[in-house]
Amino acid sequence: MGDGKIVPSSGKFFAAATDRTQSWNGIQQDITGRVQRKLAYEMTAMVRIFGNNITTATVQATLWVQIPNQREQYIGIANLQASDKEWVQLQGKFLLNSSPSKVVIYLEGPPPGTDILVNSLVVKYASKLPPSPRPVIENAAFGVNIIQNSNLSDNLTGWFPLGQCKLSVGTGSPHLLPPMARESLGPHGPLSGRHILVTNRTQTWMGPAQMITDNVKLYLTYQVSAWVHIGSGASGAQNVNIALGVDNQWVNGGQVEVADHRWHEIGGSFRIEKQPSKIMVYIQGPSAGVDLMVADLHIFPVDRRARFKHLRNQTDKIRKRDVVLKFSGLDASSSFGTFVNVRQIQNSFPFGSCISRTNIDNEDFVNFFVKNFNWAVFGNELKWYWTEAQQGILNYTDADELLDLCKKYNIDVRGHCIFWEVENTVQSWLKSLNKNDLMTAVQNRLMGLLTRYKGKFRHYDVNNEMLHGSFYQDRLGKDIRSNMFKTANQLDPSATLFVNDYHVEDGCDTRSSPEKYIQQILDLQEQGAPVGGIGIQGHIDSPVGPIVCSALDKLGILGLPIWFTELDVSSINEYIRGDDLEVMLREAFAHPAVEGIMLWGFWELFMSRENSHLVDAEGNVNEAGNRYLALKREWLTHAHGHIDDQGQFCFRGFHGTYSVEVSTFTKTINKTFVVYKDDSPLVLTIDL
């Protein structure tokens with residue numbers, strides 16, 4: 001092939017799929033009977049492309065599965081950009097939840113006319129990775145700033161300009177640490193009032209920089225904090241970013257939008273998990289020609305466990321209630337020997353997870369799910385592109401079957417989502433409609449979905465990610481968003497209607513800052529939209545408690561319930577992943593405005609992010625999963641003891657369902673009761 005220039009990467013032969021007329025045309029093999037359900041398999045293939053004047057194209061491995069009821073499933077295994085210059089390795093894993101009657105693996109993807117070349121394709125049982133070791137971090141120096149000469153007492157020593165800009169020292173910056181850093185560091189002396197003034201900026205990336213390679217330790221979570229200010233001459237709001245160059249890879253240390261002449265707090269975080277050869281921190285962002293001022297850059301490792309004591313106290317205040325059990329029917333002599341054992345059966349706080357239709361064919365998945373979660377959200381099965389991929393052909397079968405499972409186990413369900421505002425998630429048939437037909441389609445979607453499922457979904461995310469997309473608003477006008485809320489409310493008044501967006505809580509995206517989210521919600525309410533809840537997705541990296549809490553405090557002023565709707569954390573190391581998850585769960589559970597937490601999945605190979613699962617593909621709970629289960633146990637109350645001389649037994653417990661066993665000299669009585677949320681003590685009388 002190619003006049004003999006294309007030769008196998010190994011062996012004597014390769015296969016070529018030629019004369020392809022569809023992107024899904026490729027090379028396949030029937031592997032029915034050679035793969036079993038509930039076992040993880042790994043696939044590796046050496047691939048490249050040829051012809052049609054295309055130099056790179058996506059090649060993907062897909063599994064076509066038919067199960068005995070004739071239902072078909074397509075499972076994506078892996079994809080990558082293949083080249084016409086060299087062989088590349090395509091790798092991925094898969095797991096079959098159901099018992100298949102037929103399984104075919106195939107390679108597809110490049111545009112028609114481009115050949116797919118395959119040198120080898122191997123599918124085998126996935127080798128088990130050993131569990132992650134707990135990272136050993138010596139002399140962590142929590143709270144110690146790794147930036148040299150942060151207060152500029154030694155002029156500009158340690159600093160250098162990135163690019164041709166000019167650095168000088170100015171005065172008049174704030175004398176207090178920014179609030180999020182102050183929350184982490186505690187009492188701190190006044191700042192110097194000096195700042196770096198950056199002039200002659202001819203590119204947005206120009207600013208002050210410092211090498212910090214030797215000061216950063218692997219696996220530590222670092223908080224980033226500074227005051228920033230911009231000079232005159234800016235047209236419109238300016239984005240300022242604290243960035244890290246880690247071996248020439250950009251790492252986001254935090255961003256803020258500056259639209260006026262005040263000093264602004266910028267805060268973020270990062271963690272390095274592989275040894276780099278160099279790390280540089282730099283401050284960038286405003287337009288060329290706009291002067292930049294930076295004061296008191298702090299980068300310090302955070303002791304996340306030290307904050308947990310404060311969070312436990314907060315949790316005790318807002319998630320528990322005093323309970324007084326009064327006992328009647330006892331004489332004074334027998335009350336002395338009466339023993340009370342109180343056990344909480346279930347915490348009523350919503351802890352949920354994303355589930356998908358294929359998951360529920362796996363009984364191990366279902367068992368873990370119903371035992372450890374009391375809410376659900378569907379990954380894709382309610383989205384418009386799933387229920388009406390082709391105009392007029394409706395598919396509610398998957399959503400119906402998931403709802404049936406949740407009803408069977410008394411699990412409440414969030415409806416995600418009615419619309420999705422980001423253009424690349426919108427079906428091509430919708431994009432081709434004119435304004436009137438698109439409006440009709442929107443009304444039909446609302447009417448069809450909300451009448452079919454009236455009363456079955458407790459929440460709806462009405463129009464997903466409106467801070468990051470504007471497909472419907474651009475085509476149908478500003479009122480369309482509020483109209484979606486109003487119509488949904490009319491069709492199903494029982495459902496709480498949510499806004500839902502990402503990067504609200506981590507300081508790394510100026511498009512979705514808490515301030516912008518608040519403004520969006522106020523604008524919707526002003527137009528009469530019945531916004532009932534605030535969804536924070538929670539796809540977060542290296543979370544730092546005070547940064548997350550700051551966002552929750554700001555959003556809390558609206559008085560609406562806040563839910564973490566799609567929480568996941570990611571680290572190759574299970575202990576670090578467990579730490580991240582614990583930070584997020586404790587911060588959310590300890591905050592009075594948060595009324596529910598949904599994980600965006602928990603089972604390996606069924607998560608949208610790599611290295612974020614709590615349970616591996618074959619059902620083994622990892623360290624992150626153990627951390628989740630330990631917190632669920634911690635948030636159950638157990639109390640025991642004797643009745644006091646007033647004939648009472650008092651305890652303070654989490655909201656939820658309890659059983660109590662009362663043992664006297666002559667008998668044992670069992671009762672159940674529920675502790676609802678309230679500030680006043682719950683007094684219950686039990687007749688013995």
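These figures come from a predicted structure and were not determined experimentally. (Residues numbered from 1 in each chain as written. Predicted model: local features only at pLDDT ≥ 70, side-chain atom pairs only at ≥ 80, totals over all residues. Heavy atoms only, no water.)

Enquirer: I tried to follow the overall build of the protein on my own but got confused; where do I start?
Expert: A tally of helices and strands in the protein yields 14 helices and 34 strands. In terms of overall dimensions, the protein is globule-like: its C-alpha atoms have a radius of gyration of 29 Å, near the 26 Å expected for 688 residues. In terms of overall dimensions, the protein has a C-alpha envelope of 100 × 75 × 55 Å along the principal axes. Put simply, of all contacts in the protein between residues at least 6 apart along the chain, 78% involve residues at least 24 apart. Carbon together with sulfur atoms contributes 49% to the accessible area of the protein, which is approximately 30500 Å² in total. (Helix = DSSP H or I, 4+ residues; strand = E, 2+ residues; numbered from the N terminus. Rg over C-alpha atoms; globule rule 2.2 N^0.38 Å. Contact = heavy atoms within 4.5 Å. Areas by Shrake-Rupley, 256 points an atom, 1.4 Å probe, with all protein chains shown as cover.)

Enquirer: How do you make sense of the nonpolar core when you look at a structure like this?
Expert: Core analysis: the largest hydrophobic core is formed by 110 residues, its most contacted members being Leu325, Val342, Phe378, Tyr460 and Tyr472. Of the residues forming this core, the biggest block, 6 residues, is contributed by helix 8 (residues 435-452). Apart from the residues lying within four places of it in its own chain, the contact partners of Val342 are Leu325, Thr637, His638, Ala639, Phe649, Phe651, Tyr658, Ser659, Val660 and Phe673. The next biggest cluster of nonpolar side chains, apart from the first, holds 35 residues, and it includes Trp159, Val198, Leu220 and Val256. (Core = buried A, V, L, I, M, F, W, Y, C linked by side-chain atoms within 4.5 Å. Buried < 20%, exposed > 50% of the residue type's maximum accessible area, 1.4 Å probe, protein only.)

Enquirer: Explain the pattern of salt bridges here, please?
Expert: When their charged atoms lie close together, side chains carrying opposite charge are able to pair. Per the stated rule, a full pass over the model turns up 37 salt bridges. The closest approach of N and O atoms between Lys128 and Glu618, which form a salt bridge, is 2.7 Å. Of the two residues, Lys128 sits in the loop between strand 8 (115-125) and strand 9 (160-162) while Glu618 sits in the loop between strand 29 (594-599) and helix 14 (623-634), which places them 490 residues apart along the sequence. Ionic pairing is found between Asp260 and Arg262, a salt bridge with its closest N-O pair at 3.0 Å. For Asp260, a relative accessible area of 28% puts it in the partly exposed group. Because the salt bridges share partners, they merge into one network encompassing Arg305, Arg312, Asp579, Glu582, Arg586, Glu623, Arg627 and Glu634. (Salt bridge = Lys/Arg side-chain N within 4 Å of Asp/Glu carboxyl O.)

Enquirer: Explain the side chain of Asp616 to me, please; I cannot follow it from the model alone.
Expert: Mapped onto the elements of the fold, Asp616 is located in the loop between strand 29 and helix 14. For the buried Asp616, no salt bridge is present, and the opposite-charge side chain at shortest range is Lys128, 5.2 Å distant. A polar side-chain atom of Asp616 sits 2.9 Å from the main-chain amide nitrogen of Glu618. (Lys, Arg positive; Asp, Glu negative; His and termini not counted. Polar contact = N/O pair within 3.5 Å; in protein donor to acceptor, adjacent residues only side chain to side chain.)

Enquirer: Which parts of the structure should I look at to understand the layout of surface pockets?
Expert: By rolling a water-sized probe across the atoms, one finds the places where empty space is left. Reported here for the second largest pocket is a volume of approximately 680 Å³. Forming the walls of the second largest pocket are 27 residues, and the residues nearest its centre are Ser348, Phe349, Pro350, Trp375 and Glu595. Mapped by element, the contributors of at least two residues to the lining of the second largest pocket are helix 2 (304-319), strand 20 (339-347), strand 25 (496-501), strand 32 (656-663) and strand 33 (668-675). Considered class by class, the residues forming the lining of the second largest pocket number 12 nonpolar, 10 polar and 5 charged. (1 Å grid on protein atoms, 1.4 Å probe; cavity = no way out; pocket = protein on both sides within 12 Å on 5 of 7 lines; lining within 4 Å. Points joined across faces, edges and corners; volume = space filled by probe spheres on them. Nonpolar A, V, L, I, M, F, W, Y, C, P; charged D, E, K, R; others polar.)

Enquirer: Just to check I follow, could you spell out helix 12 (residues 545-556) for this structure?
Expert: Since the α-helix packs 3.6 residues into each turn, any two residues three or four apart lie on the same face. Taking 1.5 Å per residue as the helical rise, helix 12 with its 12 residues ought to reach 16 Å, and the 16 Å between its terminal C-alpha atoms agrees with that figure. Most of helix 12 is tucked away: 9 of the 12 residues are buried. What helix 12 keeps buried is the set Gly545, Pro546, Ile547, Val548, Cys549, Ser550, Ala551, Leu552 and Leu555. (Expected span 1.5 Å × (residues − 1).)

Enquirer: How do you make sense of the packing of aromatic side chains when you look at a structure like this?
Expert: Pairs of aromatic rings are described using the distance from one ring centre to the other and the angle between the two planes. Within the structure shown, the criterion is met by 34 aromatic pairs. Considering the side-chain rings of Phe471 and Tyr472, the 4.9 Å spacing of their centres and the 90° angle between planes classify their relative orientation as edge-to-face. Through pairs of rings, three or more aromatic residues link up here, namely Phe349, Phe351, Phe365, Phe368, Phe369, Phe373, Phe589, Phe602, Trp603, Tyr628, Trp635 and Phe654. Its end group placed over the ring of Phe654, Lys320 keeps NZ or CZ at 4.8 Å from the ring centre. One Lys or Arg, Arg586, reaches over the ring of Phe308 and ends 5.0 Å from the middle of that ring. (Phe/Tyr/Trp six-rings, centres within 6.5 Å; stacked < 30°, edge-to-face > 60°. Lys NZ or Arg CZ within 6 Å of the ring centre and 35° of its normal.)

Enquirer: Help me out: how do you make sense of the domain arrangement of the protein in this one?
Expert: It is common to give the size of an interface as the accessible area lost on bringing the parts into contact. As far as domains go, the protein holds domain 1 (15-125), domain 2 (160-302) and domain 3 (316-345 + 637-687). For domain 2 and domain 3, the distance between their C-alpha centres works out to 55 Å. (Domains from an automatic or database assignment.)

Enquirer: So what exactly am I meant to see when it comes to the packing of helix 8 against helix 10 (residues 479-491) here?
Expert: To describe two helices that pack against each other, one gives the angle between their axes and the distance between the axes. At a minimum axis distance of 9 Å, the contact between helix 8 and helix 10 shows a crossing angle of 30°. Classified by the angle their axes make, helix 8 and helix 10 are roughly parallel. Once helix 8 is placed against helix 10, the crossing between them reads as right-handed. Residues Met439, Val442, Gln443, Leu446, Met447, Leu450 and Thr451 of helix 8 form the contact with helix 10, whose participating residues are Ile480, Met484, Thr487, Ala488 and Leu491. Per-class residue counts for the contact of helix 8 with helix 10 are 9 nonpolar, 3 polar and no charged. (Axes fitted to C-alpha atoms, helices over the stretch in contact; angles between N-to-C directions. Parallel < 35°, antiparallel > 145°, perpendicular 65-115°, else oblique. Left-handed = near helix turned anticlockwise from the far one by under 90°.)

Enquirer: In this structure, what is going on with empty space enclosed by the protein? I would like to understand it.
Expert: Applying the stated rule across the entire model yields 4 cavities of 30 Å³ or more. Counted as a void, the largest cavity has a volume near 70 Å³. Considering the residues around the largest cavity, the lining is formed by Lys383, Trp384, Tyr385, Cys417, Ile418, Phe419, Trp420, Thr425, Val426, Gln427 and Tyr472. Breaking the lining of the largest cavity down by element, the ones donating at least two residues are helix 5 (384-387) and strand 23 (412-420). By residue number, the principal contributor to the lining of the largest cavity is strand 23, which donates 4 residues. Along the lines of polarity and charge, the residues of the lining of the largest cavity split into 8 nonpolar, 2 polar and 1 charged. Quantified by volume, the second largest cavity comes out at close to 50 Å³. Lining the second largest cavity are Leu567, Asp568, Val569, Leu581, Leu599, Gly601, Met607, Ser612 and Leu614. Per-element tally for the lining of the second largest cavity: the top contributor is strand 28 (residues 562-569), with 3 residues. A breakdown of the residues in the lining of the second largest cavity according to their chemical character gives 6 nonpolar, 2 polar and 1 charged.

Enquirer: Sorry, what's going on with the sheet that holds strand 5 (residues 72-83) here?
Expert: In a beta sheet, neighbouring strands are held together by backbone hydrogen bonds and run either parallel or antiparallel to one another. Taken together, 4 strands build an open sheet; the order of strands is 2-7-4-5 and the sheet is antiparallel. Two strands close off the open sheet at either side, each with one partner strand: strand 2 (27-30) and strand 5. This sheet shows a mean twist of 15° between the axes of neighbouring strands, independent of strand direction. Pairing of strand 4 (residues 56-66) with strand 7 (residues 102-108) involves 7 bridges; the strand directions are antiparallel. Bridging across to strand 7, Gln66 finds its partner in Lys102. (Pairing = 2+ DSSP bridges.)

Enquirer: Where do I start with the state of the cysteines in this structure?
Expert: Linking two cysteines covalently via their sulfur atoms produces the bond known as a disulfide. This model, assessed by the stated rule, comprises 0 disulfides. With no disulfide partner, Cys406 has as its closest neighbouring cysteine sulfur the one in Cys354, 11 Å distant. Residue classification places Cys406 among the buried residues on the basis of a relative accessible area of 1%. Cys417 carries a free sulfur, and the closest cysteine sulfur to it, the one in Cys354, is 12 Å from it. (Disulfide = S-S within 2.5 Å.)

Enquirer: For this particular structure, what's the right way to read the side chain of Arg586?
Expert: Relative to the elements of secondary structure, Arg586 occurs in helix 13 (residues 574-589). Judged by its relative accessible area of 3%, Arg586 falls in the buried class. Each residue touching Arg586, except ones within four places of it in the same chain, is listed here: Phe308, Leu311, Arg312, Leu631, Glu634 and Trp635.

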